[in-house]
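So you can see what is in the structure, the chains are spelled out below.
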Amino acid sequence: MNAEVRVQVDLGERSYDIVIGPGLLDRIGLMLASQGWEADSPGLVVTDRNVAKFGYADRVASSLRAAGFQTSIALVEPGESAKCLEVAKTLYDAAFDASLDRKSMIFAVGGGVVGDLAGFVAATYMRGIAWIQVPTTILAHDSSVGGKVGINHPRGKNMIGAFHQPSAVLFDTSVLRTLPDREVRSGLAEVVKHAAIWDEDFFSWLEVHVPQILALQDSALSGILAKGCQIKAAVVSRDERESGMRAILNFGHTLGHALETLSGYRGITHGEAVAIGMVFAAALSEELGMCAAGVKERLEHLLLAFGLPVRIPKELAEPEILQCMLHDKKAVGGHLTFVLIEKIGRVRIVKNVDAAAVLRVLERLREA
Ligand SMILES: NC(=O)c1ccc[n+]([C@@H]2O[C@H](COP(=O)([O-])OP(=O)(O)OC[C@H]3O[C@@H](n4cnc5c(N)ncnc54)[C@H](O)[C@@H]3O)[C@@H](O)[C@H]2O)c1
Ligand SMILES: [Zn+2]
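On a predicted model such as this, the values are computed, not experimentally measured, just so you know. (Residues numbered from 1 in each chain as written. Chains lettered and ligands numbered in written order. Predicted model: local features only at pLDDT ≥ 70, side-chain atom pairs only at ≥ 80, totals over all residues. Heavy atoms only, no water.)

Peer 1: So, the overall build of the chain: which residues are in play, and what are the values?
Peer 2: Secondary structure summary: the chain contains 15 helices and eleven strands in total. For 368 residues, the compact-globule estimate of 2.2 N^0.38 gives 21 Å, and the C-alpha radius of gyration of the chain, at 20 Å, lies within 12% of that figure. Projected onto its principal axes, the C-alpha coordinates of the chain cover approximately 60 × 45 × 35 Å. Counting all 368 residues of the chain, 58% fall into the buried class. In the structure as shown, the chain presents an accessible area of about 14900 Å², 52% of it carried by carbon and sulfur atoms. Put simply, the chain has 38 plus and 43 minus side-chain charges, and the middle of one group is 2 Å from the middle of the other. (Helix = DSSP H or I, 4+ residues; strand = E, 2+ residues; numbered from the N terminus. Rg over C-alpha atoms; globule rule 2.2 N^0.38 Å. Buried < 20%, exposed > 50% of the residue type's maximum accessible area, 1.4 Å probe, protein only. Areas by Shrake-Rupley, 256 points an atom, 1.4 Å probe, with all protein chains shown as cover. Lys, Arg positive; Asp, Glu negative; His and termini not counted. Charge placed at Lys NZ, Arg CZ, Asp CG, Glu CD.)

Structural data, given as structure tokens:
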């Protein structure tokens, strides 16, 4: 069965397609050749050592070479710590070694980390060259839309970056079978987020299809990835550079980022942090009388069904978390801004949230 789905990200002249389906890795060369990419400029495939073990980057490189494109592979260590300037420099070196020029392309074969990092290098090498994202995690469906690329600074996540849209996203769903269970669950947090902020029907669909999704059934996977990408694309195409509405995508992320920063980007995955952050945001919405009772429970129930955490790790102190949220790059002028939820499918950006209410809810949601 050819379960290929195509989602268009509509951004004027920066529009691009996301192709989702099994078996794409081996067709990349032909797909590019058919779109007129010229073989005179070398390409660089960037991947991490975990992903490399499964041969995905090799398959992409082989497919490109078979179609006549000169291609090298650059490896980085796996994990969030690779999103840093030192590792970016090794990729600039690899780009020089491979003689990349202005017409070259970078291929990011991996999860959100490789996508953000390789995309950042593509955005900055020679003031920006084209790149193609080949996501290998569920979470990367999220990072594949919107063009945000970047690296971390020791004092804050994603603080150094750019907007640089990929030329295409080729999402081969068959690679998700090797994804560790924890990463599957982590990626599902962003899928739940997309449903929670935008589409109650999709949320209800997720509630009744948990077993099929966790079993990584092809049609369920293509379906949730396409829906997640469509929702994000709908938001981003209305507000590409996050001047307003795009911020609703940060639902669960203000606390999520603080948890990641305070744990030094170790011990908690991005999706886990966002899961806790969404439950927190729902609890805060209830505390402020903004949403009906039961929204938090529904959200919590679905996240738990996907095996995600919903409580704040007990080793983190509330005042420290609050301080960290105040320094989030989305916090403007020392005020707390949150994406709060009114009902499943509808969220609202609320500025100047009372710190005392935030502390109360943080305490309530702490792990026993
Ligand atoms: N740019 C954006 O808009 C955006 C949006 C959401 C998240 N992000 C970023 O994405 C990052 C998280 O992405 P992630 O969760 O994909 O993490 P990740 O890239 O670290 O991948 C998770 C782990 O799974 C391994 N892996 C990846 N694909 C695999 C496969 N198919 N089989 C086996 N192992 C595989 C990786 O080596 C890694 O160890 C964060 O840095 C976050 O900030 C960016
Ligand atoms: Zn996220």
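From this point, the narrative continues.
Peer 1: Describe the site of ligand 1, and please don't skip the residues or the numbers.
Peer 2: Taken together, the neighbourhood of ligand 1 is formed by 27 residues, with Glu80, Thr136, Thr137, Lys157 and Thr178 sitting nearest. Within the contact set of ligand 1, an oxygen atom lies 2.8 Å away from a backbone nitrogen or oxygen of glycine 112. Protein burial of ligand 1: of its 860 Å² of free accessible surface, 92% is covered by the chains. For the shell around ligand 1, the secondary-structure elements that each account for two or more residues are helix H2 (49-53), helix H5 (112-124), helix H6 (140-143) and strand S8 (156-163). Residues belonging to the shell around ligand 1 are distributed by class as follows: nine nonpolar, nine polar and nine charged. (Near = heavy atom within 4 Å. Polar contact = N/O pair within 3.5 Å; in protein donor to acceptor, adjacent residues only side chain to side chain. Nonpolar A, V, L, I, M, F, W, Y, C, P; charged D, E, K, R; others polar.)

Peer 1: Describe the layout of surface pockets, naming the residues involved and giving the relevant values.
Peer 2: Looking at the second largest pocket, its volume works out to about 210 Å³. If you go around the second largest pocket, you meet 13 residues; those closest to its centre are Leu32, Gln35, Ile132, Ser167 and Ala168. Elements with a minimum of two residues in the lining of the second largest pocket: strand S2 (16-21), helix H1 (28-34) and strand S9 (168-172). (1 Å grid on protein atoms, 1.4 Å probe; cavity = no way out; pocket = protein on both sides within 12 Å on 5 of 7 lines; lining within 4 Å. Points joined across faces, edges and corners; volume = space filled by probe spheres on them.)

Peer 1: Run through the coordination of the zinc ion (ligand 2), naming residues and quoting values.
Peer 2: Glu190 (OE), His253 (NE2) and His270 (NE2) make up the full set of protein donors to the zinc ion (ligand 2), lying at 1.9 to 2.2 Å. For the zinc ion (ligand 2), the donor residues sit on a single chain with the sequence spacing E-x62-H-x16-H. On the criterion of sequence distance, the pair formed by histidine 253 in helix H11 (residues 253-262) and histidine 270 in helix H12 (residues 270-287) is long-range, its members being 17 residues apart. Overall, the relative accessible area of 7% leaves histidine 253 in the buried class. (Donors = N, O, S within 2.8 Å, 3.2 Å for Na, K, Ca; no water.)

Peer 1: Go over H5 with me, naming the residues and quoting the values.
Peer 2: Residue pairs spaced three or four apart in an α-helix point in one direction, given the helix's 3.6 residues per turn. The terminal C-alpha atoms of H5, which comprises 13 residues, lie 18 Å apart, in line with the 18 Å expected from a rise of 1.5 Å per residue. Two residues or fewer after H5 comes methionine 126, characterised by a positive phi angle close to 50°. (Expected span 1.5 Å × (residues − 1).)

Peer 1: Can you break down the pattern of salt bridges residue by residue, with the values?
Peer 2: For the coordinates displayed, the defined rule picks out 26 salt bridges. Two residues, glutamate 207 and arginine 298, come together in a salt bridge whose shortest N-O distance is 2.9 Å. Residue glutamate 207 is found in helix H8 (residues 200-208), and its partner arginine 298 is found in helix H13 (residues 295-305); the two are separated by 91 residues along the sequence. The class of glutamate 207 is partly exposed, set by a relative accessible area of 30%. Under the relative-accessibility criterion, arginine 298 is labelled partly exposed at 24%. Residue arginine 360 is joined to glutamate 287 by a salt bridge in which the shortest nitrogen-to-oxygen separation is 2.7 Å. On the criterion of sequence distance, the pair formed by arginine 360 in helix H15 (residues 355-364) and glutamate 287 in helix H12 is long-range, its members being 73 residues apart. (Salt bridge = Lys/Arg side-chain N within 4 Å of Asp/Glu carboxyl O.)

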